[in-house]
Amino acid sequence: MTPILLADRLKRIQPSPSVQANDRVAALRAEGKDIINFTIGEPDFDTPAHIIDAAVTAMRQGDTHYTPSEGTPALRQAIVEKLARDNALEYHFDEIVVGAGGKHILYHVMAATLNPGDEVIVPAPYWVSYPDIALLNEGVPRVVTCDASCGFKLTPQALIEAITDKTRWLVLNTPSNPTGAVYSESELLALAQVLRDYPHVGIISDEIYEHFVYAPARHLSLINVAPDLKSRTLIVNGASKGYAMTGWRIGFGAGPRDLIQAIVKLISQTTTCPSSISQAGAVAAFIGDQAPVRAMAERYTQRRQLMLEGLQSIAGVNCTAPDGAFYVYLDVSGLLGKTTPEGQRLVRDGDVVLYWLDAGVAAVSGEAYGLSPYVRLSFAIGDEAIQEGCRRLREACLALT
């Protein structure tokens, strides 16, 4: 049998490590193994009832057909109102495009703007898909290491050193997955000052975790502090995290009209449009009762503290308290060089992850996010699971020699 020939572009990328981690957990649980899953990258709460009700009503009213490729007028207007209310940002109806998740928008903006060899600056640690989306679109990810000494955040000097004549985009993720880093007003102002000197560089501002920020930190968009950069900034956000709607697949982009229209053109030839039913639910999410969002944020504030307390007593690890999102990026350098009870030496963070998995705890290695030796742990799980997971990690680390 002659095999199907696959495109060379597939050789440039890897499967999503976070998806693979969840698949591994599912397989182990199917075998009957008890696994505490710290790999979760989504809220563990159900979608609020009023959002579900809006979608059901839309279906019963026959709202089950194609919509405009850019999204329904009702949803785009709801996003305009949301940006004004939550972010103090003014956008027009035709500066909004709706996609099937934030990743969908990210893919299409790079597809619409990258020519072969164009560079995309990606601060590391990074969300796993940024470099691969650039590679799929014949771009070159220019990874800039931002370690714990700078709070896992891009500095002005590092940005200057990364920019070349081929730089097309800077990807700025605040709050950050995987570290929970949140850029302050002064930090954003400093980056903006650099960017003003390089007008050929656009900014993709991924703000999907905006609702989960822990005092005294607060979420700001780059445009809040540098409105003059609005004409070359695309905000990427969506309903997935703040409204517990990951499975509904609704994201959006807010940016210059010409860029928005380019993205719409591509969507018209790929997915045609987002789900009409999901869009109806998202309207209720963005303009309806915001109390469930605040309730989730409060629960994650409590779980963050519970996670930090549980990790404090574990020998060989160290963590920086996250200012946002629902992850801890755990430094495991103190475990490297140690030997497991089975005689295996831990050399890299991936070894630590596999050892912990044997102990009944699933996590994602820092290798997936571009900075080792770290492990990402999610606290978007129940209180008891956090406590039990930390207990298992404590015992596993004590067993090392």
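Before any of the text, the structure's been laid out above.
Summary of the structure given here. Bear in mind that the values here come from a model prediction, so they are computed numbers and not experimental data.

Turning our attention to the overall build of the protein. Regarding its fold elements, the protein presents 13 helices and 13 strands. The C-alpha atoms of the protein give 21 Å as radius of gyration, which agrees with the globular expectation for 401 residues (21 Å, within 12%). Summarising its shape, the C-alpha atoms of the protein cover approximately 60 × 60 × 55 Å along the three principal directions. Taking all 401 residues of the protein together, 54% fall into the buried category. Long-range pairs, those at least 24 residues apart, make up 74% of the contacts in the protein with a sequence separation of at least 6. Accessible area for the protein stands at about 17100 Å²; split by element, carbon and sulfur atoms hold 52% of it. Each charge class in the protein was averaged separately, 34 positive and 44 negative side chains, and the resulting centres sit 2 Å apart.

Attention now goes to the pattern of salt bridges. Side chains carrying opposite charge are able to pair once their charged atoms draw close together. Under the definition given, this model contains 18 salt bridges. Of the charged contacts in the structure, one is a salt bridge between Lys 33 and Glu 31, with a shortest N-O distance of 3.7 Å. Taking relative accessible area as the criterion, Glu 31 reaches 57% and is therefore assigned exposed. Linking Arg 392 and Asp 34 is a salt bridge whose minimum nitrogen-to-oxygen distance equals 2.4 Å. Of the two residues, Arg 392 sits in helix H13 (residues 383–398) while Asp 34 sits in the loop between helix H1 (17–30) and strand E1 (36–37), which places them 358 residues apart along the sequence. Classification of Arg 392 by relative accessible area gives buried; the value is 12%.

Attention now moves to the sheet that holds strand E7 (residues 233–238). Strands sit in the order E2-E8-E7-E6-E5-E3-E4 across an open sheet of 7 strands; the sheet is mixed. Since the sheet does not close on itself, it has two edges, and those belong to strand E2 (96–99) and strand E4 (140–145), each with one partner. Mean inter-strand twist for the sheet, computed between neighbouring axes without regard to direction, equals 20°. Across 6 bridges, the pairing between strand E3 (residues 119–124) and E4 is parallel. Residue pairing across strands places Ala 124 opposite Thr 145, the latter belonging to E4.

This brings us to the side chain of Asn 137. With respect to the helices and strands, Asn 137 occurs in the loop between helix H5 (129–136) and E4. Sequence-distant contacts of Asn 137, defined by excluding residues within four places in its chain, comprise Tyr 107, Met 110, Ala 111 and Leu 114.

Our focus in this paragraph is the nonpolar core. Met 307, Leu 311, Phe 326, Leu 335, Trp 356 and Leu 377 are the most contacted members of the largest nonpolar core, which totals 41 residues. Mapped by element, the contributors of at least two residues to this core are helix H11 (291–312), strand E10 (327–331), helix H12 (349–358), strand E13 (374–378) and H13. When residues of this core are assigned to their parent elements, the largest contribution, 7 residues, is made by H11. With residues up to four places along the chain from it excluded, the contact list for Phe 326 reads Ile 40, Gly 41, Glu 42, Pro 43, Tyr 209, Phe 212, Tyr 214, Tyr 300, Leu 377, Ser 378, Phe 379 and Ala 380. Ranked by size, the runner-up nonpolar core spans 34 residues in total, among them Met 110, Val 120, Ala 124 and Leu 259.

For the rest of this paragraph, the subject is the packing of helix H4 (residues 102–113) against H5. Two elements in contact, H4 and H5, have axes separated by 9 Å at closest approach and are oriented at 35°. The two elements H4 and H5 meet at a crossing, and its hand is right-handed. The residues of H5 that touch H4, namely those facing Lys 103, Leu 106, Tyr 107 and Met 110, are Ser 129, Tyr 130, Ile 133, Ala 134 and Leu 136.

Reading the values: rules and limits
The residue count restarts for each chain, going from 1 along the sequence in the order it is written. Two thresholds apply to this predicted model, a pLDDT of at least 70 for residue-level local features and 80 or more for giving and counting side-chain atom pairs, whereas whole-chain, interface and lining totals are computed over all residues. Excluded from the side-chain calculations are hydrogens and water; all other atoms, namely the structure's heavy atoms, are used. Secondary structure follows DSSP: runs of H or I at least 4 residues long count as helices, runs of E at least 2 residues long count as strands, and numbering of each begins at the N terminus. As a reference, a globule follows 2.2 Å times the number of residues to the power 0.38, and the radius of gyration itself is taken over C-alpha atoms. Relative accessibility decides the category of a residue: with a 1.4 Å probe and only protein chains considered, values under 20% of the type maximum give buried, values over 50% give exposed, and everything between is partly exposed. By definition in these notes, contact holds between two residues if any of their heavy atoms fall within 4.5 Å. Per-residue accessibility takes into account occlusion by the displayed protein chains alone, with areas from the Shrake-Rupley method and a 1.4 Å probe. A residue counts as positive if it is Lys or Arg and as negative if it is Asp or Glu; His and the chain ends are not included. For the purpose of locating charges, the reference atoms are NZ of Lys, CZ of Arg, CG of Asp and CD of Glu. Salt bridges are counted wherever a side-chain nitrogen of Lys or Arg sits within 4 Å of a carboxyl oxygen of Asp or Glu. When DSSP finds two or more bridges between a pair of strands, those strands are recorded as paired. Axis definition: a line fitted to C-alpha atoms, over the contacting stretch in the case of helices. Angles run 0 to 180 degrees between N-to-C directions. Side-chain atoms within 4.5 Å link the members of a nonpolar core, which is a set of buried Ala, Val, Leu, Ile, Met, Phe, Trp, Tyr and Cys residues. Crossing handedness is defined as follows: a turn of the near helix away from the far one that is anticlockwise and smaller than a right angle gives a left-handed crossing, while the clockwise case is right-handed.

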